[in-house]
Amino acid sequence: MTTYVITVPGTFVNGVEDAARSDIERRLRPRDPKNTDLGESEELSLLTVEDGGMFSARIEVEAPDQASAETEAVQLVSRALRDSGFPERDAPLGPAFVTGIDREF
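Throughout what follows, the structure given in this document is the object of discussion.

What counts and how
Residues numbered from 1 in each chain as written. Predicted model: local features only at pLDDT ≥ 70, side-chain atom pairs only at ≥ 80, totals over all residues. Heavy atoms only, no water. Helix = DSSP H or I, 4+ residues; strand = E, 2+ residues; numbered from the N terminus. Buried < 20%, exposed > 50% of the residue type's maximum accessible area, 1.4 Å probe, protein only. Contact = heavy atoms within 4.5 Å. Lys, Arg positive; Asp, Glu negative; His and termini not counted. Salt bridge = Lys/Arg side-chain N within 4 Å of Asp/Glu carboxyl O. Polar contact = N/O pair within 3.5 Å; in protein donor to acceptor, adjacent residues only side chain to side chain. Core = buried A, V, L, I, M, F, W, Y, C linked by side-chain atoms within 4.5 Å.

## Thoughts on the overall build of the protein
Part 1: A count of helices and strands for the protein gives three helices and four strands.
Part 2: Along its sequence from the N terminus, the protein presents helices and strands in the succession β-α-α-β-β-α-β.
Part 3: Burial statistics for the protein: of 105 residues in total, 40% are counted as buried.
Part 4: Contacts in the protein between residues at least 24 apart in sequence constitute 75% of all its contacts with a sequence separation of at least 6.

## What about helix α1 (residues 18–28)?
Part 1: Among all positions in α1, only Ala20, Asp23, Ile24, Glu25 and Leu28 are buried.
Part 2: Summarising the contacts, the buried residues of α1 are in contact with β2 (47–49), β3 (54–63) and α3 (66–83).

## So, the side chain of Arg58
Part 1: Inspection of the secondary structure puts Arg58 in strand β3.
Part 2: Although Arg58 is buried, it forms no salt bridge, and the closest oppositely charged side chain is Glu50 at an N-O distance of 6.5 Å.
Part 3: Of note is the side chain of Arg58, whose polar atom sits 3.4 Å from the backbone oxygen of Ser45.
Part 4: Once residues lying within four places of it in the same chain are set aside, the contact partners of Arg58 are Ile6, Thr7, Arg31, Pro33, Leu44, Ser45, Leu46 and Thr48.

## What to know about the nonpolar core
Part 1: Of all hydrophobic cores here, the largest spans 23 residues; its most connected members are Ile6, Leu28, Ile59, Val61 and Leu81.
Part 2: Where this core is concerned, the elements lending two or more residues are β1 (2–11), α1, β3 and α3.
Part 3: Considering every element that reaches this core, the biggest residue donor is α3, with six residues.
Part 4: Setting aside residues up to four positions removed in sequence, Leu81 forms contacts with Phe12, Ile24, Phe55, Phe86, Ala91 and Leu93.

Structure follows, in structure tokens:
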């Protein structure tokens, strides 16, 4: 298994309140990329929200390959958003991509 840091972009269509943002971060906290060498050295944030509601969630995923890691990351972020009160129509996601790979040889 390989540890990936995956970024999942999206948009809060109607904005996001601080309390909801904190709830999303709490749900994603076990996957915080700061637990990886890359996340720590690059000071990656778990969730960043820009003006206009665009956001990026960066999470740590262990998977056998890149495609599996990206798929799992989207599922995890989708679930955190949904459980925090954001259905897909209110926080659509873009395609996930690899931010970093931490392999042990």
